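# Topology and contacts: notes
Listed below, chain by chain, are the residues.
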Amino acid sequence: VTLNPAGKGYGGRSQLPDNLKALFRAVAMSKPDNELISEVQMTSEGFLCAKQLARKLVAVFQLSKQLLTPQQHYDWGLRALKTVLRVGGQLVQAEKRKLGPGEKLAEATEEQLLIKALRINTLSKLTH
């Protein structure tokens, strides 16, 4: 049971009565490390420059969240980040299938594929 706030922006939710709240134990939650999550997923998807690209991608998401005006259809959280990473991984693997045995993708190619994945997943939200 999560005690997500009832009210603003959380339609259809109601407060849990105090007698039921007493039956549940409170658990502290921490903010996920998006950079580490991105790096690990990119490495598992086959990116060779995962650390640098993860840092840049997370920076783009953080800046977008901070600088763009709040809109209901904007999502700059972990779910959207993982979607970009998944599509980026598919693009990298498709590009690797085109290469010969022993050949590696250039860092610039990986960067371009990640930008393409970012554009695929966010451009429609920005022009909504």
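Everything that follows concerns the structure shown earlier in this document.
Right, let's walk through the structure included here.

Cut-offs used in this document
- Residues numbered from 1 in each chain as written.
- Predicted model: local features only at pLDDT ≥ 70, side-chain atom pairs only at ≥ 80, totals over all residues.
- Heavy atoms only, no water.
- Helix = DSSP H or I, 4+ residues; strand = E, 2+ residues; numbered from the N terminus.
- Buried < 20%, exposed > 50% of the residue type's maximum accessible area, 1.4 Å probe, protein only.
- Contact = heavy atoms within 4.5 Å.
- Areas by Shrake-Rupley, 256 points an atom, 1.4 Å probe, with all protein chains shown as cover.
- Phe/Tyr/Trp six-rings, centres within 6.5 Å; stacked < 30°, edge-to-face > 60°.
- Salt bridge = Lys/Arg side-chain N within 4 Å of Asp/Glu carboxyl O.
- Patch = residues over 30% accessible without salt bridge, like charges linked within 9 Å, V, L, I, M, F, W, Y side chains within 5 Å.

This brings us to the overall build of the chain. Assigned secondary structure in the chain consists of five helices and zero strands. Seen in sequence order, the chain has helices and strands lined up from the N terminus as α-α-α-α-α. Out of the 128 residues belonging to the chain, those deemed buried represent 26%. Here the analysis covers contacts within the chain between residues at least 6 apart in sequence; of these, 59% occur between residues at least 24 apart. Just so you have it, the chain exposes about 9,400 Å², and 55% of that area is on carbon and sulfur atoms.

Quick look at the packing of aromatic side chains now. Within the structure shown, the criterion is met by two aromatic pairs. The interplanar angle of 80° and the centroid separation of 5.6 Å between the aromatic rings of Phe61 and Trp76 together place this pair among those described as edge-to-face. Here the residue Phe61 occupies a position in helix H3 (residues 50-67), and Trp76 occupies one in the loop between H3 and helix H4 (78-98), the gap between them amounting to 15 residues. For the pair formed by Phe61 and Trp76, the shared burial category is buried. One aromatic cluster is present, built from ring pairs that chain together Phe61, Tyr74 and Trp76.

On to the environment of Thr43, then. Position of Thr43 relative to the elements: it lies in helix H2 (residues 34-45). Taking C-alpha positions, Thr43 is 9.7 Å from Ala54, a pair spaced 11 residues apart along the chain.

One pass over the full model with this rule turns up four salt bridges. Arg55 is paired through a salt bridge with Glu35; the nearest N and O atoms lie 3.7 Å apart. Residue Arg55 is located in helix H3, and its partner Glu35 is located in helix H2; the two are separated by 20 residues in the primary sequence. We classify Arg55 as partly exposed; its relative accessible area is 41%. Of the residues examined, Glu35 reaches a relative accessible area of 31% and is grouped as partly exposed. Put simply, Glu39 and Lys51 hold a salt bridge, and the shortest N to O gap is 3.6 Å. On the criterion of sequence distance, the pair formed by Glu39 in helix H2 and Lys51 in helix H3 is long-range, its members being 12 residues apart. In this structure Lys51 comes out as partly exposed when scored by relative accessible area, which is 45%.

What follows is about a nonpolar patch on the surface. A cluster of nonpolar side chains, Leu20, Leu23 and Phe24, forms an exposed patch at the surface whose accessible area comes to about 310 Å². Tracing the backbone through its elements, the reader meets Phe24 in the loop between helix H1 (18-21) and H2. Using a relative accessible area of 42% as the deciding quantity, one classes Phe24 as partly exposed.

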